[in-house]
Amino acid sequence: MSGAQPGARALEVVRPGALTTLQDAGRPGYAHLGVGRSGALDAAAYALANRLVGNPPDAAVLETTLDGVGLRAGSAGAVTVAVTGAPCAVRVAGRPVAWGAPVRVPAGAELEVGRAESGVRSYLAVRGGFAVPPVLGSRSTDLLSGLGPAVPAAGSVLPVGSAGPDPLGGADVLPAPGAPAELVLPLGPGPRADWFEPASLAGLWRSVFRVSARSNRIGLRTEAGTPLVRSRGGELPSEGMVLGAVQVPPDGLPVVFLADHPVTGGYPVVGVVPPGPALDAAAQARPGVPVRFTQCRGGLRGGR
């Protein structure tokens, strides 16, 4: 990946980390074409990172996973960055700098975003945004479909856009919530709740699951807890899926669909977690964190 023009500001990837992707507000509205929404998993942390560096709210950032990323500012000039999301050590040219605040990175200096001290995903915004070519109006990488920019590798050069008129953020910026010690997910009415035994549904609110290590940008998988028991056999024809849909595969353990979820699926959806703080928290929940579901107004009901 190298889209920087000669003389333009850019950041070169020195250490790509476990999984670093480019993300913005996503590409909603294309599910009918088989294209998922993608976008930053922790929307609050993403918005905060852009606000800190004076970017528009839909500017592209880097989303890191667990062990951060290492970058080098190009020779064309200094850049201003901010790191939010999972707290971590941030260093410029080997010296500690602020996390959660605008930081200047001189031309040629290395920026090191370290391992997450809690949570999973950190967000690195640069003033001007990452100016990679958009696909269907978005600069997000969709890991399921492969749409969007490639996952950066060592040596990738990420072009930086022109800074807008907005000032850098300061003390007026409210921080995003930290990583949850327990993940509490409100669950709204689902279209296929009638596929499960009533007693099993009633037990859903008492059961404590755990975040599985098999979770990713596609979905948060659960383990432990009391599996949901179906009241009928067979399988559904594939039907449309939405962000926050909670599918129940044959093992009975809920899967919460996140930003890179498929647009269709054949397992019954017991309910939907509404977009907002709960899904942001899901983006930062590490394997082993307890998961509980709470009942939204209206409860769970059978579907179509």
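Residues numbered from 1 in each chain as written. Predicted model: local features only at pLDDT ≥ 70, side-chain atom pairs only at ≥ 80, totals over all residues. Heavy atoms only, no water.

**Quick look at the overall build of the protein chain**
Point 1. Within the protein chain, the regular secondary structure consists of three helices and 20 strands.
Point 2. Its C-alpha atoms give the protein chain a radius of gyration of 20 Å, near enough to 19 Å, the size a compact globule of 304 residues would have.
Point 3. With respect to the principal axes defined by its C-alpha atoms, the protein chain has extents near 65 × 40 × 30 Å.
Point 4. A burial count over the protein chain gives 48% of its 304 residues as buried.
Point 5. Contacts in the protein chain between residues at least 24 apart in sequence constitute 78% of all its contacts with a sequence separation of at least 6.
Point 6. Accessible area of the protein chain: about 12,800 Å², with a carbon and sulfur share of 57%. (Helix = DSSP H or I, 4+ residues; strand = E, 2+ residues; numbered from the N terminus. Rg over C-alpha atoms; globule rule 2.2 N^0.38 Å. Buried < 20%, exposed > 50% of the residue type's maximum accessible area, 1.4 Å probe, protein only. Contact = heavy atoms within 4.5 Å. Areas by Shrake-Rupley, 256 points an atom, 1.4 Å probe, with all protein chains shown as cover.)

**Notes on the nonpolar core**
Point 1. Grouped together as the largest cluster of nonpolar side chains are 43 residues, with contacts concentrated most on Leu 183 and Phe 293.
Point 2. Put simply, the parts of the chain that give this core at least two residues each are helix H1 (43-52), strand S10 (121-126), strand S12 (183-189), helix H2 (198-204), strand S13 (209-211), helix H3 (277-284) and strand S20 (290-295).
Point 3. Ignoring sequence-local partners within four residues, the contact set of Phe 293 consists of Leu 185, Leu 187, Leu 204, Trp 205, Phe 209, Val 246, Pro 254 and Val 256.
Point 4. Within the second largest apolar cluster, 25 residues are counted, among which are Leu 22, Val 103, Val 105 and Leu 158. (Core = buried A, V, L, I, M, F, W, Y, C linked by side-chain atoms within 4.5 Å.)

**Comments concerning the sheet that holds strand S19 (residues 269-272)**
Point 1. In spatial order, the strands read S12-S19-S16-S17-S14-S13-S20; together these seven strands close into a barrel with mixed pairing. Taken pair by pair, the neighbouring strands of this sheet meet at an average axis angle of 40°, ignoring direction.
Point 2. Two elements, strand S16 (residues 245-247) and strand S17 (residues 255-257), share two bridges in a ladder whose sense is antiparallel. The residue bridging Val 246 from the neighbouring strand is Val 256, located in S17.
Point 3. Running over the sheet, H3 touches S12, strand S14 (219-223) and S17 and is turned about 135° from S12. (Pairing = 2+ DSSP bridges. Axes fitted to C-alpha atoms, helices over the stretch in contact; angles between N-to-C directions.)

**So, unusual backbone geometry**
Point 1. Positive phi outside glycine occurs at Ser 38, with the angle close to 55°.
Point 2. Within the element layout of this structure, Ser 38 appears in the loop between strand S2 (21-23) and H1.

**Thoughts on the pattern of salt bridges**
Point 1. One pass over the full model with this rule turns up 12 salt bridges.
Point 2. Across the pair Arg 15 and Glu 112 runs a salt bridge, and its minimum N-O distance is 2.6 Å. With Arg 15 in strand S1 (residues 10-15) and Glu 112 in strand S9 (residues 110-116), this residue pair connects regions lying 97 residues apart in the sequence.
Point 3. A salt bridge links Arg 217 to Glu 63, with the nearest nitrogen and oxygen atoms 2.7 Å apart. Here Glu 63 lies in strand S3 (residues 61-65) and Arg 217 lies in the loop between S13 and S14, a separation of 154 residues in the sequence.
Point 4. The buried category is assigned to Glu 63, whose relative accessible area is 1%. (Salt bridge = Lys/Arg side-chain N within 4 Å of Asp/Glu carboxyl O.)

**Describing the layout of surface pockets**
Point 1. As a volume, the largest pocket reaches approximately 250 Å³.
Point 2. Lining of the largest pocket is provided by 16 residues; of these, Arg 37, Ala 40, Leu 41, Ala 43 and Leu 243 occupy positions nearest its centre.
Point 3. Going through the elements one at a time, H1 and H3 are the ones with two or more residues in the lining of the largest pocket. (1 Å grid on protein atoms, 1.4 Å probe; cavity = no way out; pocket = protein on both sides within 12 Å on 5 of 7 lines; lining within 4 Å. Points joined across faces, edges and corners; volume = space filled by probe spheres on them.)

**What about H3?**
Point 1. Counting buried positions along H3 yields seven of eight residues, so the element is predominantly enclosed.
Point 2. Considered for burial, the residues of H3 that qualify are Ala 278, Leu 279, Asp 280, Ala 281, Ala 282, Ala 283 and Gln 284.
Point 3. In this fold, the buried residues of H3 make contact with H1, strand S5 (79-85), S10, S12, S14 and S17.

**A short note on the environment of Pro 189**
Point 1. Residue placement: Pro 189 occurs in strand S12.
Point 2. In this structure the C-alpha to C-alpha distance between Pro 189 and Val 135, which are 54 residues apart in sequence, comes to 33 Å.

**Here we look at H1**
Point 1. When we look at burial in H1, the residues that qualify are Ala 45, Tyr 46, Leu 48, Ala 49, Asn 50 and Leu 52.
Point 2. The inward-facing, buried residues of H1 abut S2, S3, S5 and S10.
Point 3. Note on H1: the residue one or two positions beyond its end, Gly 54, has a positive phi of about 75°.

**Here's the deal with the pairing of S9**
Point 1. When strand S4 (residues 69-73) meets S9, the two strands line up antiparallel, connected through four bridges. Of the residues in S9, the one forming a bridge with Arg 72 is Glu 110.
Point 2. Pairing of strand S6 (residues 88-92) with S9, which is carried by four bridges, proceeds in the antiparallel orientation. Looking at the pairing, Val 90 lines up with Val 113 of S9.

**With respect to the environment of Pro 177**
Point 1. Here Pro 177 lies in the loop between strand S11 (157-159) and S12.
Point 2. Residue Pro 177 is classed as exposed on the basis of its relative accessible area of 63%.

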